Amino acid sequence: MPENTNDAGNQTETGGGQQTVNAESFEAWLEAQPEEVRALYDAHIQRLKGALNSEREMRSRLEKQLKRIAKGEEIPDAVRQQIEELTTKLSAASRRAAFMAKATEHGAMYPDLLYAAVAEKLQDDADLSDPTLWEGLRKKYPPLFRPASGVVSNGDAGAGGDEPPAPKKSFDDVIRKLARG
């Protein structure tokens, strides 16, 4: 491969379209470049430094803001609003879960429907362990609860109570009776 010497006295090798520079340092190589290349390089470096500085400033502002938030000094309005919304949703979900658990304990077959029926009327500080609350709900919404303990459901309640059901006559019975005479 042929060897060439550039303006700075550094050797370069050319071959196959590739060029390798054996400069002592990048700064020495840059000094050997034409003024247009150095101006482009300087402009590019200035943009990179500006971007780096703006990122550092933003990080510094966020760090200070987080420190103030951690100390409780300052919370931006948007963040405060999001925190309040999440707190409200969490509180509602906790209330609903506690209601569902207690409703199931008190015999509700459809605790989700029961909650939907009473959610607006139920106070935030309602005592869910109060038996009178559940007795009132059982009286107001009886289809949503299992029958009270001690009440046994009779599967054939329409058959006449405790008596066995009357034998049913079929068409075969009519034919047999006519055949006998």
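What counts and what doesn't
Residues numbered from 1 in each chain as written. Predicted model: local features only at pLDDT ≥ 70, side-chain atom pairs only at ≥ 80, totals over all residues. Heavy atoms only, no water. Helix = DSSP H or I, 4+ residues; strand = E, 2+ residues; numbered from the N terminus. Contact = heavy atoms within 4.5 Å. Core = buried A, V, L, I, M, F, W, Y, C linked by side-chain atoms within 4.5 Å. Buried < 20%, exposed > 50% of the residue type's maximum accessible area, 1.4 Å probe, protein only. Salt bridge = Lys/Arg side-chain N within 4 Å of Asp/Glu carboxyl O.

A. Expanded view of the overall build of the chain. Within the chain, the regular secondary structure consists of 6 helices and 3 strands. In the chain, the succession of helices and strands from N to C terminus is β-β-β-α-α-α-α-α-α. Expressed as a percentage of contacts within the chain between residues at least 6 apart in sequence, the contacts between residues at least 24 apart total 32%.

B. Examining the nonpolar core more closely. The biggest cluster of nonpolar side chains holds 13 residues, and the ones touching the most others in it are Phe99, Ala103, Leu114, Trp134, Leu137, Tyr141 and Phe145. For this core, the elements supplying multiple residues, two or more each, are helix H3 (77-105), helix H4 (111-118) and helix H5 (131-140). Among the elements that make up this core, the one with the highest residue count is H4 (3 residues).

C. Spatial organisation of the pattern of salt bridges. Within the structure shown, the criterion is met by 4 salt bridges. We note a salt bridge from glutamate 31 to arginine 38, for which the minimum N-O separation is 3.9 Å. What makes glutamate 31 exposed here is its relative accessible area of 56%. Salt-bridge contacts for glutamate 35 lead to arginine 38; the nearest nitrogen and oxygen are separated by 2.7 Å. With a gap of 3 residues between them, glutamate 35 and arginine 38 both fall in helix H2 (residues 35-71), about one helical turn apart. Residue glutamate 35 is classed as exposed on the basis of its relative accessible area of 54%. The network of salt bridges with shared partners includes Glu31, Glu35 and Arg38.

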